Amino acid sequence: MDPKKATCDPAAQKMLKRMADAEIETVWDRLEAQEPQCGFGQLGLCCRICNMGPCRIDPFGDGPQRGVCGADADTIIARNFIRMVAGGASAHSDHGRGVAHAFLAMAKGEAPDYGIKDRKKLLTLAQEWGIKTDGRDDRTIAQDLGEQALAEFGKPHGTQRMADRAPEARKAVWKKLGVTPRAVDREIVEALHRTHMGVDQEYKSILRHASRCALADGWGGSMIGTELQDIMFGTPVPARGEINLGVLKKDHVNLVVHGHEPLLSEMVVAAAGMPELVDEAKKAGAAGINVVGICCTANELLMRHGIPVAGNFLSQELAIVTGAVDLMCVDIQCIMQSLAEIVQGYHTKLITTSEKAHMPGVEHVEMEEDRALEVGKEIVRKAVEAFAGRSGKIYIPKDKGEVIVGFSHETINYVLGGQFRASYRPLNDNIMNGRIRGVCGVVGCTNPKVRHDWGHTGLVRELIKRDILVLTTGCAQIACGKLDLLRPEAAELAGPGLREVCEAVGLPPVLAVGSCVDNSRILIACTEMVREGGLGDDISELPVAGACLEHITEKAISIGHYFVASGALVVFARKLFPVWAKSKVAKYLFEEIEEELGGKWAVEDDPVKAAELIHDHIEAKRDTLGINQERERKLFDMEDRRKLEV
Ligand code: NFS
Ligand code: SF4
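None of these values were measured; they are calculated from a predicted model.

What counts, and where the lines are drawn
- Residues numbered from 1 in each chain as written.
- Chains lettered and ligands numbered in written order.
- Predicted model: local features only at pLDDT ≥ 70, side-chain atom pairs only at ≥ 80, totals over all residues.
- Heavy atoms only, no water.
- Helix = DSSP H or I, 4+ residues; strand = E, 2+ residues; numbered from the N terminus.
- Rg over C-alpha atoms; globule rule 2.2 N^0.38 Å.
- Buried < 20%, exposed > 50% of the residue type's maximum accessible area, 1.4 Å probe, protein only.
- Core = buried A, V, L, I, M, F, W, Y, C linked by side-chain atoms within 4.5 Å.
- Polar contact = N/O pair within 3.5 Å; in protein donor to acceptor, adjacent residues only side chain to side chain.
- Contact = heavy atoms within 4.5 Å.
- Donors = N, O, S within 2.8 Å, 3.2 Å for Na, K, Ca; no water.
- Tetrahedral: all angles 85-135°; square planar, octahedral: opposite > 155°, others 65-115°.
- Pairing = 2+ DSSP bridges.
- Right-handed = clockwise from strand over helix to strand, strands pointing away.
- Near = heavy atom within 4 Å.
- Nonpolar A, V, L, I, M, F, W, Y, C, P; charged D, E, K, R; others polar.
- Domains from an automatic or database assignment.
- Buried area = accessible area lost by both parts, 1.4 Å probe.
- Salt bridge = Lys/Arg side-chain N within 4 Å of Asp/Glu carboxyl O.
- Phe/Tyr/Trp six-rings, centres within 6.5 Å; stacked < 30°, edge-to-face > 60°.

Bringing the overall build of the protein into the picture now. Along the backbone of the protein there are 26 helices and 16 strands. For 646 residues, the compact-globule estimate of 2.2 N^0.38 gives 26 Å, and the protein sits close to it at 24 Å. The dimensions of the protein, computed from C-alpha atoms along their principal axes, are 65 × 65 × 55 Å. Per-residue burial for the protein yields a buried fraction of 62% across its 646 residues.

This is the structure in structure tokens:
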């Protein structure tokens, strides 16, 4: 495997070479060992839902066209699709539930190490939910809010409260189709029930419920998670930081937090700043304690504390091989089991912390709400001990990107609108006058089947060249940071209109919005754009889109689908999208769903073509809005395209 073909991250290239020399197996090697992967699975055509199966449908028409139970290709593909949505929604929502649980414990005084950092948001959300705030202290208000938030997951009646935030026209669309999300757990359970053998056999009916289930994630579990995290840990504001393996420090205790829940990583950061522990580190011969992050928990810490990020999903194995990581603690989601094996060759201590996520042979230090800081301290102490036991060679690539992050939808208000007239007006005006053509969310994972970071950064470069403002989250955000797209200087790569706007306010053309649960912030940003006026009455009228060309997880499918069900065009990589192109399901997801919900899926592997697709969609929306008369559309010829190659 050629490291340059595997990744466009310079630090990862160096590490991959070293790992090949040392014969350490990576995720790329394991992918190769799995090839060729099952073609039925890749098209969504295999079913192992019951024990008359596993069954598969022959896409060439020669073999069986029905499973043993009689299910046809569309039923099977739709069932597989909704089960991905349900898996993703459950991951985000269980994270959100964990936050709500800790929030309530905090309010009751049962989790003394957590507190209220954003009081304004507490009061705003309480008022939004009809909780009395006058003359009541914050903890009492928070207790009511926490109870109500927890109830959103399992309440027997009614629909998601957060979904009330959507534009009126959007809510009407959902209501008409019967997909307004109810309790999160109910939608997920119902998705599993409908897809049990012999239940829902009409693919459109299955997929409509997939929309409702995904909406329960975006406008439910994820949004609750984001909002309560903001109240407890602070709503992000623009902050500087650094991203890539170069953030590891040879002379420091390096502690990597990897996973998703700030409930853990916030406590590790707090503990690592305590003078007694810094002293212990110094006694062990270190210059200090360097906490860095991987995956979405990294995004959370970077945005709130400027904590550096070591990398995204595909960087986790590489970080260990630097020999500089003294301890890696993981919580939930996107943790490779191979870490346990790789650390065997190093002094690195690996620790699991979530009651829900154990690893064979790995020490478990459980994060408990009522003694969270104590647990944080215990983890930091173990890192210091591990530092003292360092023996092997250390190699840290120097590469790191400088970034500005922290564009919550509230701060987009301020940075574009100014302190005194915070609003989405300037953004809407710049879209209406055509300087900015539209907005695209570039989100999600990094998958070894695609050149690492290339799908995201290739697409982002093409979009900003076309004057499309990019909002980014998750591993895509980290990819952009590594490759210098989250700096104001990146405006030089933007088209003239976007560049002008960015330079006037000192913004990067790619705004880092946060972790994957923070995609809910993008839903709110879209809602604010509608509310501000001039760009239609519904999210489906906005010149916006979403994309992920390197997706891995069920979570990514859930996110994609809640954007579609919220009215947006969403583009994923064709080769990663497990829906047989000739199926009726494909026709529904790529075309017909637009008539019902205003959004739709599209698939494209090539970042340039994906950018063109998004650009055409955005221009078509602009035409419909009637804001395109003034300016000639720039068409890209081959010559232009070559110049644009990354
Ligand atoms: Ni999102 Fe974050 Fe990364 Fe993908 Fe995994 S870390 S929650 S799922 S791989 S973007
Ligand atoms: Fe086969 Fe039907 Fe069972 Fe699926 S549910 S494994 S198609 S018999």
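The biggest cluster of nonpolar side chains holds 176 residues, and the ones touching the most others in it are F81, Y114, W219, L228, L589 and I614. Ranked by residues supplied to this core, first place goes to helix α5 (residues 73-107) with 17 residues.

Along the chain, T348 turns up in the loop between α15 (339-342) and β8 (349-352). Within the local environment of T348, its side chain forms a polar contact with the backbone oxygen of V325, the two atoms lying 2.7 Å apart. The residues touching T348, leaving out its near neighbours within four places in the chain, are I320, V325, D326, L327, M328 and V343.

Moving on, we get to the coordination of the nickel atom of ligand 1. Protein coordination of the nickel atom of ligand 1 is limited to a single donor, C516 (SG), which sits 2.2 Å from the metal. Taken together, the 4 donor atoms coordinating the nickel atom of ligand 1 span angles of 91 to 160 degrees at the metal, a pattern that classifies the geometry as irregular. By secondary structure assignment, the location of C516 is in the loop between β13 (510-514) and α22 (519-532).

The omega torsion across E35 and P36 is -5 degrees, close enough to zero to call that bond cis. Cis geometry marks the peptide bond from G53 to P54; its omega dihedral reads 5 degrees. Within the fold, P54 resides in the loop between β1 (46-47) and β2 (55-56). Although it is not a glycine, N244 adopts a positive phi angle of roughly 140 degrees. Residue placement: N244 occurs in the loop between β3 (239-243) and β4 (253-258). Phi is positive for D467, which is not a glycine, with a value near 65 degrees. Mapped onto the secondary structure, D467 falls in the loop between α19 (454-465) and β12 (468-473).

Here the focus is the pairing of strand β11 (residues 438-442). The buried fraction of β11 amounts to 5 of the 5 residues, a majority that puts the element mostly inside the structure. Burial along β11 is two-sided: G438, C440 and V442 and V439 and G441, pointing in opposite directions, are all buried. Looking at chain direction, β11 and β12 are connected through 5 bridges and run parallel. Among the inter-strand pairings, G441 is bridged to a residue of β12, identified as L471. Remark: the β11/α19/β12 crossover connection has right-handed handedness.

A few words on the environment of E368. Position of E368 relative to the elements: it lies in the loop between β9 (363-364) and α16 (372-388). Once the C-alpha coordinates of E368 and L549 are considered, the two residues, 181 residues apart in sequence, prove to be 37 Å apart. Of the polar contacts made by the side chain of E368, one reaches the side chain of R371; its length is 3.0 Å.

Moving on: the site of ligand 1. In the neighbourhood of ligand 1, the contacting residues comprise H260, C295, C296, F313, C334, G444, C445, C475, C516, T553 and K555. Taken together, the residues of the shell around ligand 1 break down into 7 nonpolar, 3 polar and 1 charged. Counting the residues that make up the shell around ligand 1, at least three belong to each of domain 2 (245-387) and domain 3 (403-549 + 604-625).

Let's shift gears to the domain arrangement of the protein. Taken domain by domain, the protein comprises domain 1 (73-233), domain 2 (245-387) and domain 3 (403-549 + 604-625). In this structure, domain 2 and domain 3 have C-alpha centres spaced 31 Å apart. Taken together, both faces of the contact between domain 2 and domain 3 bury some 1,200 Å²; the carbon and sulfur share is 68%. Looking at the side of domain 2 facing domain 3, the largest losses of area belong to M303, N312 and L314, adding up to 46% of the total buried there. Counting across the domain 2 and domain 3 interface gives 0 salt bridges. Connecting domain 2 to domain 3 are 8 residue pairs in polar contact (both at pLDDT 80 or more). When residues of the side of domain 2 that touches domain 3 are traced back to their parent elements, those giving at least two are α13 (296-305) and β6 (309-311). Looking at which element gives the most residues to the side of domain 2 that touches domain 3, the answer is α13, with 6 residues. Residues of the side of domain 2 that touches domain 3, tallied by class, amount to 7 nonpolar, 4 polar and 2 charged.

Right, let's talk about the site of ligand 2 for a bit. Around ligand 2 sit C47, I49, C50, M52, G53, C55, G67, V68, C69, I76, R79 and M197, and those are all the residues in its vicinity. Each residue belonging to the shell around ligand 2 can be placed in one class, and the counts come to 9 nonpolar, 2 polar and 1 charged.

Turning our attention to the packing of aromatic side chains. Under the counting rule described, the total for this entry stands at 9 aromatic pairs. Three or more aromatic residues joined by ring pairs make a cluster, and in this case those are F81, F572, F577, F590 and W601.

A large share of strand β10 (residues 401-405) lies buried, amounting to 4 of its 5 residues. Here β3 runs beside β10; their pairing, made up of 5 bridges, is antiparallel. The residue of β10 that forms the bridge with G241 is V403.

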